[in-house]
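Below, each chain spelled out in residue letters.
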Amino acid sequence: MVDFVGAGCGAPDLITLRGKRLIENADVIIYAGSLVNPDLLAYARKDCEIYNSALMHLDEVIDVIKKADANGRSVVRLHTGDPSIYGAIREQMDRLDEVNIPYRVTPGVSSFCGAAAALRAEYTLPDVSQTVILTRLAGRTPVPEKESIESLATHNATMVIFLSAGMLEELSQRLIQGGYSGDTPAAIVYKATWADEKVVRCTVAELHEAAKKNGITKTALITVGNFLGNDYEYSKLYDKTFETEFRKAEK
């Protein structure tokens, strides 16, 4: 059995109970060394074989899994955050299907959740935004044309932008071209939930200079939207004049 496990967004105690148990019992661990906190490997057995996939290509990863499976050994494929977001797990699962190796997926706490915690923010505020767009700026890896930053920015919804911290001058320009004003609140969250986490609040127009001033070039999420502001309406959820299935409204 191969277990794809979400390692969480950084802090080693933010992995799920199931994920921790799988790491503790694994015979082989292949972890995404470019982003997974290596402290998580302390949960592994001393005799566990550990591979850093940052140094491997897809064929090498699959070869390690095939060898382990042939020897009846359990494998944990440890991905950063939640493996469903920029985890490149589909191609691995398809390859395992081809050779009839069973697998399952254990979700993890995504970095966009860790960023909200660091910001002490709610992405979905009444009358501000009820939509969260998770995306990235096109770089060496392209993005479908219909999902350009400009087209997504037209919604003026909450945006969380991955894998783009090194291109913030371009990002600012394209967000503004798409419809955000330059003074729309923004924040850069560097290594959310890690010991060296840093939060930098700014505006869309200030993103590049704010990152430059704080020496941030990678491993950061960019959050954009008026959810970072102070103007919003209280929800109906706890409004005493609003009747729900569980509570009568007060007159």
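Further up the page is the structure itself.
Read on for a plain summary of the structure. Once a new chain begins, its residue numbering starts again from 1 and follows that chain's sequence as written. With the structure being a predicted model, the display of local features is reserved for residues of pLDDT at least 70 and the display and counting of side-chain atom pairs for 80 or more, all residues being used for whole-chain, interface and lining totals. Heavy atoms throughout the structure, all of them, feed into the side-chain values; hydrogens and water do not.

### A closer look at the side chain of Ser172
Heads up, the rule is: Numbering of helices and strands starts at the N terminus; helices are DSSP runs of H or I of at least 4 residues and strands are runs of E of at least 2. Should any heavy atoms of two residues lie within 4.5 Å, those residues are counted as being in contact.
Structurally, Ser172 can be placed in helix H6 (residues 168-178). Among all residues touching Ser172, those that are not within four sequence positions of it are Val204, Ala205, Leu207 and His208.

### Describing the pattern of salt bridges
Quick reminder of the rule: Salt bridges are defined by distance alone: a side-chain nitrogen of Lys or Arg within 4 Å of a carboxyl oxygen of Asp or Glu. Only protein chains enter the area calculation, which uses a 1.4 Å probe; residues under 20% of their type maximum are buried, those over 50% are exposed, and those in between are partly exposed.
Overall, the coordinates contain 10 salt bridges when judged by the stated rule. Two residues, Lys191 and Asp196, come together in a salt bridge whose shortest N-O distance is 3.3 Å. What makes Asp196 partly exposed here is its relative accessible area of 38%. Among the charged side chains, a network of salt bridges with common partners joins Asp27, Arg45 and Asp47.

### Considering the packing of aromatic side chains
Test applied: Stacked, tilted and edge-to-face are the three classes applied to pairs of Phe, Tyr and Trp rings, where Trp contributes its six-membered ring and a pair requires centres within 6.5 Å; stacked means planes under 30 degrees apart, edge-to-face means over 60, and tilted covers the rest. Charge-over-ring placement is defined geometrically: NZ (Lys) or CZ (Arg) within 6 Å of the ring centre, and within 35 degrees of the ring normal.
What the rule picks out here adds up to five aromatic pairs. Plain terms: the ring middles of Tyr86 and Phe162 are 5.2 Å apart, the flat faces sit at 50° to each other, and that makes the pair tilted. Taken together, the positions of Tyr86 in the loop between strand S4 (75-79) and helix H3 (90-98) and Phe162 in strand S7 (residues 158-162) put the pair 76 residues apart, joining distant regions of the chain. Taken together, the aromatic side chains of Phe112, Tyr123 and Phe227 make up a single cluster linked through ring pairs. Seen from the ring of Tyr43, Lys20 lies directly overhead, with NZ or CZ sitting 4.9 Å from the centre.

### Some remarks on the sheet that holds S4
Here is the rule we go by: Any two strands with at least two DSSP bridges between them are considered paired. In this description, a line fitted to the C-alpha atoms serves as the axis of each element, helices being fitted only across the stretch in contact, and the angle between N-to-C directions of two axes falls anywhere from 0 to 180 degrees.
The five strands lie next to each other as S3-S2-S4-S1-S5, forming an open sheet whose pairing is parallel. Each end of this open sheet is capped by a strand with a single partner; those strands are strand S3 (49-52) and strand S5 (103-106). The average angle at which neighbouring strand axes cross in this sheet is 20°, direction not considered. The sheet contacts of helix H1 (residues 17-25) involve strand S1 (2-6), strand S2 (28-31), S4 and S5, and relative to S5 the element is tilted by about 135°.

This is a description of form; function is not addressed.
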